[in-house]
Amino acid sequence: FFQCSSKTTHRGSSSSFIAYSSSNGRSSNDSVDDAGVKSVEQLVEEKKRAELSARIASGEFTVKQESGLNFGPKSFLIVSDPAIAKHILKDNAKGYSKGILAEILDFVMGKGLIPADGEIWKVRRRTIVPALHLKFVAAMIGLFGQATDRLCKKLDAAASDGEDVEMESLFSRLTLDIIGKAAVYTVLREAEDRSVSPIPVWDLPIWKDISPRQRKVAAALKLVNDTLNNLIAICKRMVDEEELQFHEEYMNEQDPSILHFLLASGDDVTSKQLRDDLMTMLIAGHETSAAVLTWTFYLLSKEPSVMSKLQEEVDSVLGDRFPTIEDMKKLKYTTRVINESLRLYPQPPVLIRRSLDNDVLGEYPIKRGEDIFISVWNLHRSPTLWDGADKFDPERWPLDGPNPNETNQNFKYLPFGGGPRKCIGDMFASYETIVALAMLVRRFNFQMAIGAPPVVMTTGATIHTTQGLNMTVTRRTKPPIVPSLQMSTLEVDPSISIS
Ligand code: HEM
C-alpha cells in the first residue's frame, strides 16, 4: 500500500494515470473480449484515455494524483488531491457509499454507523451524535484520567524494575474499555485480513467450521456479542427504573454511557442495531486512539526538544492534579503535538468509498461502482501541500491559531474525515489522547529501548507497528511544580491518588 502511494505522488505522470484499472479487475490494456475483438465502446474508451494521456504528458493540466491499485481481483482508484477529496466527502457525498468497507466489516459491525449507508445511516447518525454532547465528553475526562493513572502505575513498576515496556499494547489496553482485549483484537485483526484477502474463505461453508482460526474468530465474536447483549439488557432495566426525563444534555450520573443515552432517548431501535452501533464505537474509538498515542510517543522519542517543550507546558498547566475540561483549552502545545502526530500517522490512512453514479473527478470521468481510496496518508505527506512534509513539527500549527481541521485546511488535512460522514468521536478522541499524553509525559521520560527491534509500520484499519513500540521508561527526576490541587466539578474519584 505504501509503495503504491509513493508512486501516486508524481504530478503530471501519465503512467500512473493510465495504470488505473476498472473495478471489474480489468486494466485498460486488457479490454479485449474472449475472442480478441474490441467493442466500439472499448475503442472509444481507449481513444479517450490515449487523448487524455497525451494532454497530460504535454503538461496541459496536472493529473489530480489518481492512480490504480490492484488487490488480486479487486482494484481501486486512489485519490490524493484535496479538491477531489472534498468533492467525494462533502460536495457530492450523496453520490458515494462505503462500498467495500461495508462488505468487509459486516461480520463485526453489521449496520453500525461506520459501514451503514442510506436511510439506516441517516437515522442512526441523528440519534447517536447527540449522545456525545459536551457534558458527556466532559464527564469522560475524569475516566480518561483514571484509566491513564492505572497505566502510570504499571509504568512505575516497570521503571522500578528497570524493565522495558511495549507501549503499543499498553495503549491498546488503555483505550479498550468494557470488553477483554483478546476478543476485540481477534475480530479486528480478522477484519484487516479480510480486507486484503482475494478470496472470501471465511464464507466457505465447510472451511468456516473446520478452520481453527475461523472458529477462534467465531468464539471471540460470540463473547463480544454476548457481553454487549448483556449490557444492553442491564441498561434497559436501569432506564426503565429511573425517573430522569430525557432532554438534550441528558446524562445519568451513575452511568453516563452512550448506551444509556441511546436507550433513554426512547428511539425505537432493535437490540441488534444497538449491538452493531456499540461494537462500531468500541472498535472505532479504541484502535484509532491507541494508534495515535503509539505514533505520538514514537515521534516524541525522535524529537527531544518537542518533548521538553511539552513537559514544560504540562507541568505548568496541570502540576500534579488530574486534568479537567478547563485544562483542554490550556494544553495548547499538547494539542498541537496530537494534531501533528495525526498528520504524519493518520488513522485510518485511507478512506474508502464507492461511486453510486457516474461522476467526474476533476477532469476525470468515473463510472458507477468505482471503488475509491482517498489516501489521507498521501494528502498529509504531500511535499506540494506541506513545507517539510515528513518532519514532525508541531510548531507548524500556531498556538494562537484555530484547531486545524478539514475545513480550515481546505481538505488537505483530514484527521477525522470530512463532510456528513465525519467522525462523531473527534472531541472525545482529542480529549482522550490529550489527557493520556499529558499525564504520561508529566510523570515519565520515554526512550526507544536499546536493542529493541526497529519500528516498522504495517497497515490495516489503522497504522500499527510490526513488532511493537519497545521503550525504556524512567521517572522524571524533577518533581512537577504543583500550582493547584483543585479539582473540577466533573472530577475523578478523589480517593484515587496520583502520587
Ligand atoms: C468516522 C477518525 C475516534 C466513532 C471516522 C472517520 C475518521 C475517523 C477519519 C471518517 C471515516 C470515513 O469517512 O470513512 C478517528 C480518529 C480517532 C477516532 C483518528 C481517534 C483519534 C473515534 C471515537 C469514536 C469514533 C472515540 C466513538 C466514540 C466514529 C464513527 C464514525 C467515525 C461512529 C462513522 C461516522 C459516520 O459514518 O457517520 N473516524 N476516529 N471515532 N468515527 Fe472516528
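Here, the structure is the one placed above.
Residues numbered from 1 in each chain as written. Predicted model: local features only at pLDDT ≥ 70, side-chain atom pairs only at ≥ 80, totals over all residues. Heavy atoms only, no water.

Colleague: What is the right way to read the coordination of the iron atom of the ligand from this model?
Modeller: In an ideal octahedron of six donors the angles at the metal are 90 or 180 degrees, and in an ideal tetrahedron of four donors they are 109.5 degrees. Counting protein donors to the iron atom of the ligand gives just one, Cys423 (SG), placed at 2.3 Å. With respect to the helices and strands, Cys423 occurs in the loop between helix 17 (376–381) and helix 18 (426–443). (Donors = N, O, S within 2.8 Å, 3.2 Å for Na, K, Ca; no water. Helix = DSSP H or I, 4+ residues; strand = E, 2+ residues; numbered from the N terminus.)

Colleague: Would you explain the environment of Leu155 in this entry?
Modeller: Looking at where Leu155 falls in the secondary structure, it is placed in helix 7 (residues 134–161). Sequence-wise, Leu155 and Val376 are 221 residues apart; in three dimensions their C-alpha atoms are separated by 33 Å. Dropping the residues within four chain positions of it, Leu155 is found in contact with Val165, Met167, Leu170, Leu440, Phe444, Phe446 and Val473. (Contact = heavy atoms within 4.5 Å.)

Colleague: How should the site of the ligand be read in this particular structure?
Modeller: The immediate surroundings of the ligand are formed by 26 residues, with Trp121, Arg125, Arg353, Arg421 and Cys423 found nearest. One of the side-chain nitrogen or oxygen atoms of Trp121 is found 2.7 Å away from an oxygen atom of the ligand. Of all the secondary-structure elements, those providing two or more residues to the shell around the ligand are helix 6 (118–128), helix 13 (271–302), strand 5 (350–355) and helix 18. The element that contributes the greatest number of residues to the shell around the ligand is helix 13, accounting for six residues. In terms of residue class, the shell around the ligand is made up of 15 nonpolar, six polar and five charged. (Near = heavy atom within 4 Å. Polar contact = N/O pair within 3.5 Å; in protein donor to acceptor, adjacent residues only side chain to side chain. Nonpolar A, V, L, I, M, F, W, Y, C, P; charged D, E, K, R; others polar.)

Colleague: Hey, could you run me through the sheet that holds strand 9 (residues 444–448) in this one?
Modeller: By way of backbone hydrogen bonds, the strands of a sheet pair with one another, either parallel or antiparallel. Pairing is antiparallel in the open sheet, where three strands are placed in the order 4-12-9. The sheet is open, and its two borders are formed by strand 4 (165–166) and strand 9, each paired with just one other strand. Here two bridges tie strand 4 to strand 12 (residues 470–475), and the two strands are oriented antiparallel to one another. Note on strand 12: the bridge partner recorded for Val165 is Met471. Lying on the sheet, helix 7 is in contact with strand 4, strand 9 and strand 12; it crosses strand 12 at an angle near 85°. Packing against the sheet, helix 13 makes contact with strand 9 and strand 12, and its axis sits at approximately 80° to strand 9. (Pairing = 2+ DSSP bridges. Axes fitted to C-alpha atoms, helices over the stretch in contact; angles between N-to-C directions.)

Colleague: Can you walk me through the pattern of salt bridges in this structure?
Modeller: Pairing of side chains with opposite charge becomes possible as their charged atoms draw close. Under the defined criterion, the tally for this structure stands at 20 salt bridges. Close ionic contact of Arg275 with Asp276 constitutes a salt bridge, the shortest N to O distance being 2.8 Å. Grouping residues by exposure puts Arg275 and Asp276 together as buried. Note that Glu406 is salt-bridged to Lys422, the shortest N-O span being 3.1 Å. Pair noted here: Glu406 is in the loop between helix 17 and helix 18 and Lys422 is in the loop between helix 17 and helix 18, with a separation of 16 residues, a long-range link. Given a relative accessible area of 19%, Lys422 falls into the buried group. Residues participating in the shared-partner salt-bridge network are Glu103, Arg354 and Asp371. (Salt bridge = Lys/Arg side-chain N within 4 Å of Asp/Glu carboxyl O. Buried < 20%, exposed > 50% of the residue type's maximum accessible area, 1.4 Å probe, protein only.)

Colleague: Before we go on, may I ask you to explain the packing of helix 6 against helix 13 in this structure?
Modeller: Relative orientation and spacing of two packed helices are given, respectively, by the angle between their axes and the distance between those axes. Between helix 6 and helix 13, whose axes approach to 12 Å, the crossing angle comes to 70°. As far as their axial angle goes, helix 13 and helix 6 are roughly perpendicular. Helix-helix and strand crossings are classified by hand; for helix 6 and helix 13 the assignment is right-handed. In contact with Ile120, Arg124 and Ile128 of helix 6, helix 13 contributes Gln273, Leu274, Asp277 and Met281. Taken together, the residues of the contact of helix 6 with helix 13 break down into four nonpolar, one polar and two charged. (Parallel < 35°, antiparallel > 145°, perpendicular 65-115°, else oblique. Left-handed = near helix turned anticlockwise from the far one by under 90°.)

Colleague: What is the right way to read unusual backbone geometry from this model?
Modeller: It is generally the case that most residues other than glycine have a negative phi and that most peptide bonds are trans. Cis rather than trans, the peptide bond between Gln347 and Pro348 has omega equal to 0°. Residue position: Pro348 is located in the loop between helix 16 (332–344) and strand 5. For Asn410, which is not a glycine, the phi torsion comes out positive at approximately 50°. The phi torsion at Phe411 lies on the positive side, around 65°, for a residue other than glycine. Within the fold, Phe411 resides in the loop between helix 17 and helix 18. Classification of Phe411 by relative accessible area gives buried; the value is 3%.

Colleague: Looking at this structure, how should I read the pairing of strand 5?
Modeller: Counting buried positions over the six residues of strand 5 gives five, a clear majority of the element. In terms of strand pairing, strand 5 meets strand 8 (residues 371–375) through five bridges, oriented antiparallel. When the sheet's bridge partners are listed, Val350 is paired in strand 8 with Ser375.

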